[in-house]
Amino acid sequence: VRKLLKNVERSSVGCTNIKLDLMDEHTINTMVSETLRLLPRLTRSLSSVIYHKTKGNPLFVSHLMLSLSKEGLLRPSLSRRRWEWEMEKIEDRELPDDVAMFLNNSIMELPDGVQSSLCILSCFGASANVSFIETLERALQKNIRDDLDVAVAKGLLDKIGVEYRFSHDRIQEATYNMMEDRVRRLFHFTYGLSLASLSVEEECDGILFVAVNQLNLGGPATVQDPSQSFTVAGMNLRAGKNAMEMSDFKTALSYLNHGISFLRDRHWENHYDLSLELFEVAAKCALSNGDHNRVSLLFEQVSEVAHSFEDKLEVTYACICSLLNSSCLGDALTKGLYVLNELGIVLSGDLEALLMETKSMLAEYSDEQLLSLPVMTDRTKLMAMKILSRTQTCLLHTNPKSQPKATLHMVQYSLRHGMSGLSSFALILYGSFLACLGDIPAGYRYVKIAIRLAEKLNARSNMCEVLALGSQVMGYVEPLQSINDVMVRSHEYGLAVGSISNAMLSRVMNIVCAFWSGKQLSHVKSTVDDTLRLMASHSTLVWILQTLPLYRTVLAMIGNVDDVPIILGSRSDIETEKERKMSETNLHLLKVVHFNKLYVGFMFRRYDDVKQLAVAYDAIASLPFSSILISHCMHVFYGGLINFWIARKTMDVIWFDRGEKAIEKMRSYADCSSWNFQNKLLLLQAEQCFYLEDFESAKRFYDAAILSAQEHKFVHEEALACELAGHFMLESGEGRSSLSYFLLAQKKYREW
C-alpha cells in the first residue's frame, strides 16, 4: 500500500490523505451489527468487549474479529440462522498474536534511530509532552523529536497539540518489550542519571521525580560504581521529602523504601548520617500510611546500630505512635515512660503541688508575654515534648488520673526551654484540665492563647491536635453548631501533614459534635461510614474503637439499617469480643461504651436495662478524668435525666441527689454558654419538679425547655423535651394534653 501511494505521488495524481481515527463504542457496534447482519441491540454486548480490548483501533478490531472467527468463538449457527458467540471466553481472550506480531514487524521496519527514540519514549510511559522531550534531549544529548515525527507519520504515534502519544497501548508495550529486561533496566538507570545530572546543573527540581523513578526502575542491580548507590539513595530521600511536602505519603514511602534498598553493605559504618535520616523519615512516612509492621522493622534496625540514645529518638517516637494507633496502649506507655526517664523527666510527685507550681509559673506572664517567649530549638528537648505528648494520650486511655502530670510537665518544660508547636498543644491540654476542674473561663483563655501561638509559630504539624482538643473547650463557651467547622479545619491540617492519627481524632470529635448538636442522623451516619472505612485503611484501631459505640447509637436511633461497613472483620453494628476485651483496659473507652448503651436504653424507655446500666456507669463515671470533652456535658445531662427517672420509680433519694448534682453542674455550664446549656438545665429542672410533685412548676419548665431548644436549634433535644413533657402529662392525668406533646415529639424526631 505504501509503495502504491508513493507511485501515485510520483505520477502527480491528485491524492487526499484521510486519517482513520479511533472509533467510539457506538461506531464499532454499527460496524459489528452490519458485518453480522444483526440488530444493534443484539450485538451491543459483543461490541462493548471488542471496544474495550481494542480501544477502537480499526486495524485491531478487524484482526480480533477474524481471530475470534478462526477460533470458533464467533461463528454462524445453522439452527438459529444467525451469528453467535461465547461471551465469557471472548472477555478472557487477549489480542491475537498476529496483532502483536504486526506491531513488532511495523516497529522493526523503522530506521534504527527511530526505533531507539521509540524505545526511549516507551521507558517513560504512553505519552510525553514536547517540553519534556526537549529536556530529555538535553540530558541525553540526542535528537529525539525528528525520530518521533517519523513514527507519527507511520501511524505508530499521535501528536496531539504539544504531546506525543503512542496510538495504542499495545504499541507502547511492544516497543518496551523489544528490549531485554537487563538492557531495559540499564537504560532506565542511565536515563535517570542523565536527568538527575541535568536537574542539578540547571537547578530544576521539576524533573527530580522523573529522574528518581527511572533510577528505581533500574534498581540496585544496575549500579556499576558503588558510590552511585549512595547518590541514588540520597536522591530518593530528597524525592521522598518533596512528596511528603505535597501530602503524598504513599509515594513518599515508596521513594524512601527504594532509597534504603540502594544502600550497600556496611552503610551504617560508611554513610551513617544518610542511613539514619532515611530510616527516620521512612518510619515517619510508614506511620502516616498505617504500615505498623514497617515502623517496627525500621525501629528495630536503628535501635541496633544507633551511635547514641538521641539518635534513636525519632524512630522510637514513630514506634510509640504506631503502638498507640494499634491500641497497644500498655506497650506504648511503657516505651514513652522509659524514654522520658532517660531524658530526666519523671512523671511522679503530688498532682496538686505540680498544678500550683505550674499556675505560679504562668502567673508571671501576660498573654502577650507568653506569645513572645523564645522558641525551643534544641532537637532533644523537642523530642522530649513529642514523647510527653504521646505519653499523655496513653495515660488518658489507661490511667486518666495521671494524665495531667504529663500535661503540666509539658507546660513547665516550655516555660523553661522555649516555645514550640507542641507548647501550643500543652496549653490546650492545660486549658482542658482547668475546664475539667470547673474553671471553664480560665480554660477557654488558654485555648485561645494556644491557637494564637500555633498560628504565630506556623505549627502546621500541631494545628490538627490544637484545634481538635481546643474545640472541646470552645464547645462550653461558643455555640455548639459552630464547632463543627473548627474540627473540619483540624482534620484537613492532619491529612495535609500526614498526622493520620490526629486527623482521625478530629473526625471522631467532629462526629460526636455533629450528633450532640442535632445534625440530621442520616448525615451523621454517612460521615461515620466514610470515617470508619478511612480509619480501617490507615489501621488506626484506637480511634475505630472510640467511634463504634456512638455509631451503634446512631444506627439504633435511625432504626432498621442494613447498610453498614465491615470493620475488624465483622459488621460494625455488632459489638465483638475483641472490642469488649480492649475496653477492659481502656478506661476512657469503657466510659464511652457504657454511656452509649445507657443513652440508647433511656431513649427507648427500657427502664430495667437503664437502671442496671446506670449502676455500672456510675462506678466508671466516678473515676477521675482530667480533660474536658463535649460529650462530658451530655453525660451530665442524660445522667441527670436518668437519675430523676429512676428516683421517681424507686423513690430512692440517692438517685434524686445525683440528679440534683447534675443540675448544679449544668447550671455552671449554662453560666458559660446559655446557648448550649439553657434548654438542658430547664429540662433537668422540669424533671426535678416532676419528682417533687410540683406539677405547675414542672409544666412551666418543660415548656421553657422546648422553646429554648427550638431557639438554639437543638431539634433532637426539642423532641426529647416534648416526649418527656408528654410522659409528665400522661402520668399527671392529662391524657389529652400529653397527646399533643407526643405528636410534636414525633414530628421533631422525624426531622432529626
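From a predicted model like this one, the values you see are computed outputs, not experimental measurements. (Residues numbered from 1 in each chain as written. Predicted model: local features only at pLDDT ≥ 70, side-chain atom pairs only at ≥ 80, totals over all residues. Heavy atoms only, no water.)

Draft legend 1. Here's a closer look at the layout of surface pockets. The calculated volume of the second largest pocket comes to roughly 1200 Å³. Together, 41 residues line the second largest pocket, and Lys284, Tyr317, Lys386, Ser461 and Val497 are the ones closest to its centre. Listed by contribution, the elements that provide at least two residues to the lining of the second largest pocket are helix H13 (226–245), helix H16 (272–288), helix H18 (313–325), helix H22 (379–398), helix H24 (421–436), helix H26 (460–474) and helix H28 (500–516). Per-element tally for the lining of the second largest pocket: the top contributor is H18, with six residues. The class makeup of the residues in the lining of the second largest pocket is 19 nonpolar, twelve polar and ten charged. (1 Å grid on protein atoms, 1.4 Å probe; cavity = no way out; pocket = protein on both sides within 12 Å on 5 of 7 lines; lining within 4 Å. Points joined across faces, edges and corners; volume = space filled by probe spheres on them. Helix = DSSP H or I, 4+ residues; strand = E, 2+ residues; numbered from the N terminus. Nonpolar A, V, L, I, M, F, W, Y, C, P; charged D, E, K, R; others polar.)

Draft legend 2. Structural context of empty space enclosed by the protein. Evaluated as defined, the whole model comprises four cavities of 30 Å³ or more. Space inside the largest cavity adds up to approximately 480 Å³. Considering the residues around the largest cavity, the lining is formed by 33 residues, among which Val508, Met509, Gln546, His588 and Leu629 are closest to the centre. For the lining of the largest cavity, the elements supplying multiple residues, two or more each, are H22, H24, H26, H28, helix H30 (541–558), helix H32 (587–603) and helix H34 (630–650). The element best represented in the lining of the largest cavity is H28, accounting for seven residues.

Draft legend 3. Inspection of the packing of aromatic side chains at higher detail. With the rule as written, the count across this model stands at 29 aromatic pairs. With a centroid separation of 5.9 Å and an interplanar angle of 20°, the aromatic rings of Phe187 and Tyr191 are classed as stacked. In this pair, Phe187 and Tyr191 are both assigned in helix H11 (residues 181–201), four residues apart and thus about one turn of the helix distant. Under the relative-accessibility criterion, Phe187 is labelled partly exposed at 30%. You can call Tyr191 buried: its relative accessible area is 8%. The interplanar angle of 35° and the centroid separation of 5.1 Å between the aromatic rings of Tyr702 and Phe728 together place this pair among those described as tilted. Taken as a pair, Tyr702 in helix H37 (residues 695–711) and Phe728 in helix H38 (residues 715–731) lie far apart in primary sequence, 26 residues in all. These aromatic residues form a ring-pair network of at least three members: Phe515, Trp516, Phe595, Tyr599, Phe602, Tyr607, Tyr617, Phe637, Tyr638, Trp645 and Trp752. Stacked on the ring of Trp645, the Lys or Arg Arg605 has its end atom at 4.1 Å from the ring centre. (Phe/Tyr/Trp six-rings, centres within 6.5 Å; stacked < 30°, edge-to-face > 60°. Buried < 20%, exposed > 50% of the residue type's maximum accessible area, 1.4 Å probe, protein only. Lys NZ or Arg CZ within 6 Å of the ring centre and 35° of its normal.)

Draft legend 4. Geometry of the pairing of strand E2 (residues 82–85). Relative to E2, strand E1 (residues 74–77) runs antiparallel, the two being bridged by four bridges. Looking across to E2, one finds that Ser77 is bridged to Arg82. Here E1 folds back onto E2, and the loop between the two strands holds four residues, one of which, Arg81, carries a positive phi near 60°. (Pairing = 2+ DSSP bridges.)

Draft legend 5. The pattern of salt bridges, seen in detail. The tally for this structure, following the rule as stated, stands at 26 salt bridges. Of the charged contacts, one joins Glu269 and Arg266 as a salt bridge, the two residues approaching to 2.6 Å between their closest N and O atoms. By relative accessible area, which is 54% here, Glu269 ends up exposed. A relative accessible area of 55% means that Arg266 is categorised as exposed. A salt bridge links Asp530 to Arg533, with the nearest nitrogen and oxygen atoms 4.0 Å apart. Of the two residues, Asp530 and Arg533 both sit in helix H29 (residues 521–537), three residues apart, roughly one turn of that helix. Given the relative accessible area of 43%, Asp530 is considered partly exposed. Under the relative-accessibility criterion, Arg533 is labelled partly exposed at 41%. (Salt bridge = Lys/Arg side-chain N within 4 Å of Asp/Glu carboxyl O.)

Draft legend 6. Summary view of the pairing of strand E4 (residues 157–160). One ladder, built from four bridges, connects E4 with strand E5 (residues 163–166); its direction is antiparallel. Pairing of Leu157 across the sheet is with Phe166, part of E5. In this structure, the hairpin formed by E4 and E5 is closed by a connection of two residues, where Gly161 is found at a positive phi of approximately 65°.

Draft legend 7. Examining unusual backbone geometry more closely. Even without being glycine, Arg266 reaches a positive phi, approximately 65°. Mapped onto the fold, Arg266 is located in the loop between helix H14 (249–261) and helix H15 (267–270). Of note in this structure, Lys713 is not a glycine but carries a positive phi near 65°. Secondary-structure assignment places Lys713 in the loop between H37 and H38. We classify Lys713 as exposed; its relative accessible area is 57%.

Draft legend 8. Spotlight on the state of the cysteines. On inspection of all chains with the given rule, the structure shows zero disulfides. Lacking any disulfide linkage, Cys328 is separated from the closest cysteine sulfur, that of Cys319, by 9.7 Å. This cysteine, Cys513, is not joined by any disulfide, and Cys633 carries the nearest cysteine sulfur, 9.5 Å off. Its relative accessible area of 1% is what places Cys513 among the buried residues. (Disulfide = S-S within 2.5 Å.)

Draft legend 9. Up close: the side chain of Arg648. Topologically, Arg648 is positioned in helix H34. You can call Arg648 buried: its relative accessible area is 16%.

Draft legend 10. Structural view of the sheet that holds E4. One open sheet accounts for three strands, arranged E3-E5-E4; its pairing is antiparallel. Either end of the sheet is taken by a strand with one partner, and the two such strands are strand E3 (127–129) and E4. Here the strands of the sheet are splayed against their neighbours by 20° on average, with no regard to which way each runs. Across the face of the sheet, helix H9 (residues 145–153) comes into contact with E4 and E5 while running at roughly 110° to E4. (Axes fitted to C-alpha atoms, helices over the stretch in contact; angles between N-to-C directions. Contact = heavy atoms within 4.5 Å.)

Draft legend 11. View of the nonpolar core. Of all hydrophobic cores here, the largest spans 224 residues; its most connected members are Tyr599, Phe602 and Tyr638. Excluding its chain neighbours within four sequence positions, the residues that come into contact with Tyr599 are Phe515, Trp516, Thr553, Met557, Tyr638 and Trp752. Core analysis: the second largest hydrophobic core is formed by 16 residues, Leu36, Ile50, Met65 and Leu73 among them. (Core = buried A, V, L, I, M, F, W, Y, C linked by side-chain atoms within 4.5 Å.)

Draft legend 12. Seen up close, the packing of H16 against helix H17 (residues 292–305). Relative orientation of the contacting elements H16 and H17 amounts to 155°, with a least axis distance of 9 Å. Classified by the angle their axes make, H16 and H17 are roughly antiparallel. Along this stretch, H16 crosses H17, giving a crossing that reads as left-handed. For the pair H16 and H17, contact is made by Tyr272, Leu276, Phe279, Ala282, Ala283, Ala286 and Leu287 and by Arg294, Val295, Leu298, Gln301, Val302 and Val305, respectively. (Parallel < 35°, antiparallel > 145°, perpendicular 65-115°, else oblique. Left-handed = near helix turned anticlockwise from the far one by under 90°.)

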